[in-house]
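# Summary of structural features
Now for the letters of each chain:
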Amino acid sequence: MIGTNRYIGSPVERIEDLRFLRGRGEFVGDLKSQGMLHAAILRSPIAHGRIRGLDSAAARAIPGVRDVIAAAEIGAVPTIPLRLLPLPGTERFLQPVIATGRLRYVGEPIAVVLADSAALAEDGVGALILDLEELPPVADRRASGRHEILLFEESGTNLAMTFTGVLGDAEAAFRDAPYVRRECFEVQRHTALPMEPRGLLAEWDSTQQRMTVLGAAKVPFFNRDTLAAMLGLAPASVDLIENDVGGGFGARGEFYPEDFLIPFAARHVGRPVRWLEDRREHLTAMNHARQADCEVEIACRRDGTILGMRGEIFVDLGAYVRTNGLIQPRTLAQCFSGPYRVPNLHMVVRALLTNKTPSGTYRGPGRYEASFFCERLIELAAVDLGLDSAEMRRRNLIGAAEMPYKLARLEPGGAAVDTECDSGDYGEVLERCLAEFAWEEKRTLQGRLIDGRYHGIAVACFIEGAGAGPKEAARLELEPDGTVAVYVGSAAVGQGLETVMAQVASDTLGMPIDLVRVFHGSTPYLNEGYGAFASRSTVLGGSAVYEGAKSLLEKIRGAAAARLGGPPDDIELVDGRARTRDGRSLSFADLAADGLRVDAMFQNNNKLTYTYGSAVAHVAVDLGTGQVEVLDFLVVEDVGRIVNPLTLHGQAIGGVVQGLGGAFMENLVYDANGQLLTGTLADYLIPTASDFPRIRAIALENHPSPSNPLGVKGAGEGPIIPVGGLMANAVGNALASFGAMPNQLPLSPARVWRMGAEAPMENLGKNARAEPVSDAAGPGRSQIRR
Amino acid sequence: MQVNFKLNGTPVVVDVEPRMHLADCLRDELRQTGTHLGCEHGACGACTVIVDGAAVRACLMLAVQVEGSSIVTVEGLSTEEALTPLQTAFRKHHALQCGFCTPGMLTTAHALLTDEPDADGDRIRAVLSGNLCRCTGYIPIVDAVLDARAAYRKSDKR
Ligand code: FES
Ligand code: FES
């Protein structure tokens, strides 16, 4: 099927690198347009209140300030629709593209100032005078759940949505279980933080009545349709252009207020307008993520077999429901149990509104949090029951013979009621991971004090549901110079898409990779496209390119046969030439005159692929400083089929380090007034080059996906998923002799230090191995019925 | 105000407002957009350029301060024909994904290896810890810089 090339599976060096390494990438901030104005945005300085007045006279008086746009200039202010899970009831909590009176979070846009330079636009923002009425803020989800202060009075509630995940009969399972344990856990608010802040450059062509917006990413086609509707234009009159994108991780490229405001401003003043977000803005404007806490229970047999899990989870959603804001709570309800066989499950997730920046997806949305909760529960049960951590997981992983395995049913579910693990052997990957790590040897280190630090190890398993549908488009065209142009509806957000798509196309076409050129992510290329979310580009976009390349080969054969005579099946395609049996040939360049072009669409009917893996880690904890050093971290995953081992490995290592940031340092801290205290990169800490130098990743391709022709499964989100739970369990095991309960992230130095400092006196300095806590008197609320 | 300096070997004259920082001057006035801005408050290192041999954050320096200096940006590292050994090592080790932090990583590492071609892994990590990357997890970047050391040693022994 595939030609004689071997690009797929090879560590092909990236095409993109050549321009990036020379400083020739074209990010949106690098672009200028003739006559362009610069935009700066006045944002709410308070968490909750009302705008009584906005005086723009002083701002307008600044030479070089050209216009000020607020709600009044816009007229009927549109709200931003949900891209995913637009469930009934959510329409009450959508974000208006600009504040219309009520202010609900620090950072909410109030006015746009347009000026001759960015500095002048910022001067203009500084000169705007706001008259505000402050309201008491809803500072956290507990206050929200009391419904005393409401963000939307008309709705009568702060509860944006409740999801329930159900499998079997949890109540019965818990009633009869010999062992149950209940705990509370919490994951802090953090964010994707791509290194390039957002930016947009909008150009309005008044004669053609066309809008062009540069700086698109992730889902340009959905955003084009959304913007067109808001501006009262036909989708065909709006083009969204994707340039180089400095990282996405789920957050960039969703439809934000600015995605309306900047194009609107360009049309309003009849000049191109560019807006570049600064970092402080970014930290209050771009989606936050992850904040959730829970009270959950596990029920087991005495041998560790899990009988059930149940409980209640609360998501602090922020001030509005944004485009993909419900994915995290949905996933927490549906995928709480990850790769484990939990026959009875009942998980209720309540997403509550607070006066904070709205949240959305960040790499492994909901799964990172769910994995932390679930792995902590399993670890505590293993300790209580006197089982080795690895053995506990071994006993409970979904077996290869149980595939496909249905996960919990979701209520309300919309299109995503049911999902199932598609294929694979989860245990195989766990064993490989344990063997590479030498688990049995390292177990002897558990809880030991060596050279002043306590050592701990842990293991976790995960699944990554990826490649969300419904479909993806590709077009392939033979060009007059004999190259093939590949247009894909997938979007690039820095993940190496061009190279991966070129690998698939050139292998299928049997052409050298430098004769294939990939174009992506911009709406003029194709009629429809779906974009880059849920690790779907290789799965769906790659499959569309593969199908398109096969059809193009047929067309080339047909055209050559028509010109050279003989049946198409006798035409051989080698090295960019079409050849008959008797040796007459035409080059692809000659054939291009026939206008050879195919449009392909790959559909997977919304069937997710499930990549799966295991991770192990070894940490050393210094109780003098609260510092945790990650001495070894290994993740092994089976991705079905590897297209580019170089980029795949990069995704794995990068994902793990992001996950470690979430486990140890990243934290968006708000005070009681709803003010963000971590508004710079000096306060919001992410990992640096010296923090986590020892991470290993292994990718396997033992079980190709049955649902697409390439056999690939989505990759890129998996390795981040287990990191929080894994680190908490490793630290918990290291400090077991102190009765440490690392049930909250991040495991900041202060928090870890307290685990030692606040331990009961008799435990201090005791160099003990973790003793199984085997009765109800132990920490937490476990009980073993004898 | 008028400022004169050398940019990648070529003398330039620019007229700037006193409040303009060097990165804006390079990017907007001179259209050398390889130097990126990730924070504009000295925390991310994306804007690192080499001023008279030292790696400097162009967002923390005013354009008017570089009068008479010699500045190298990412655009000045390689020729049209070939990547430098450091750039080649970055590509080989997949030390970049989105490429946004890359110019700052390259200039920082270039300045380091020019002074200390024998820098070890710890030293490289310590110096690069002032440059944030959200994609790679840093490990391939450190590997690439380690790998490029040989080329800096050779060019040292003239
Ligand atoms: S932009 Fe200069 S350090 Fe971040
Ligand atoms: S490669 Fe994306 S930030 Fe470093």
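Residues numbered from 1 in each chain as written. Chains lettered and ligands numbered in written order. Predicted model: local features only at pLDDT ≥ 70, side-chain atom pairs only at ≥ 80, totals over all residues. Heavy atoms only, no water.

### Remarks on the domain arrangement of chain A
All names here are of chain A. Along its sequence, chain A is carved into domain 1 (15-26 + 469-603), domain 2 (35-135 + 197-245 + 252-285) and domain 3 (292-467 + 607-784). When each unit is reduced to the centre of its C-alpha atoms, the spacing between domain 2 and domain 3 is 37 Å. Listed as interface residues are 30 residues of domain 2 and, on the opposing side, 29 residues of domain 3. Between domain 2 and domain 3, roughly 2,400 Å² of surface is buried when both sides are summed, and carbon and sulfur atoms account for 61% of that area. (Domains from an automatic or database assignment. Contact = heavy atoms within 4.5 Å. Buried area = accessible area lost by both parts, 1.4 Å probe.)

### A closer look at the interface of chain B and chain A
Between chain B and chain A, the contact holds 45 residues from the first and 56 residues from the second. In total, about 4,100 Å² of surface goes out of reach between chain B and chain A, with carbon and sulfur atoms giving 57% of it. Sorting the residues of chain B by area buried against chain A places Arg91, His94 and Arg134 of chain B first, and these three jointly supply 22% of that buried surface. Taken together, the links from chain B to chain A amount to 5 salt bridges. In this structure, the salt-bridge partner of Glu13 of chain A is Arg91 of chain B, at a minimum N-O distance of 3.6 Å. Elements with a minimum of two residues in the side of chain B that touches chain A: helix 1 (22-29), helix 2 (85-92), helix 3 (102-115) and helix 4 (121-128) of chain B. (Salt bridge = Lys/Arg side-chain N within 4 Å of Asp/Glu carboxyl O. Helix = DSSP H or I, 4+ residues; strand = E, 2+ residues; numbered from the N terminus.)

### Digging into unusual backbone geometry
All names here are of chain A. Between Glu411 and the following residue, Pro412, the backbone shows a cis peptide bond with an omega angle of -15°. For Pro412, the location among the structural elements is in the loop between strand 17 (409-411) and strand 18 (420-421). Of note, the amide linkage connecting Leu745 to Pro746 takes the cis form, showing an omega dihedral of -5°. Structurally, Pro746 is set in the loop between helix 19 (723-734) and helix 20 (749-757). Of note, the phi angle at Phe249 is positive, near 55°, even though the residue is not glycine. When you line up the elements, Phe249 lands in the loop between strand 11 (238-242) and helix 8 (257-269). The class of Phe249 is buried, set by a relative accessible area of 14%. Here Arg290, not a glycine, exhibits a phi torsion of approximately 80°, which is positive. Relative to the helices and strands, Arg290 resides in the loop between helix 9 (279-285) and strand 13 (292-300). Taking relative accessible area as the criterion, Arg290 reaches 2% and is therefore assigned buried. (Buried < 20%, exposed > 50% of the residue type's maximum accessible area, 1.4 Å probe, protein only.)

### Quick look at the sheet that holds strand 6 (residues 129-134) of chain A
Residue and element names in this part refer to chain A. Strand order across the open sheet formed by 3 strands is 4-2-6, with antiparallel pairing between neighbours. Unpaired on one side and paired on the other, strand 4 (102-103) and strand 6 mark the two borders of the sheet. Of the pairings in the sheet, the one linking strand 2 (residues 49-55) to strand 6 comprises 6 bridges and is antiparallel in character. Within the sheet, the bridge partner assigned to Asp55 lies in strand 6 and is Ile129. (Pairing = 2+ DSSP bridges.)

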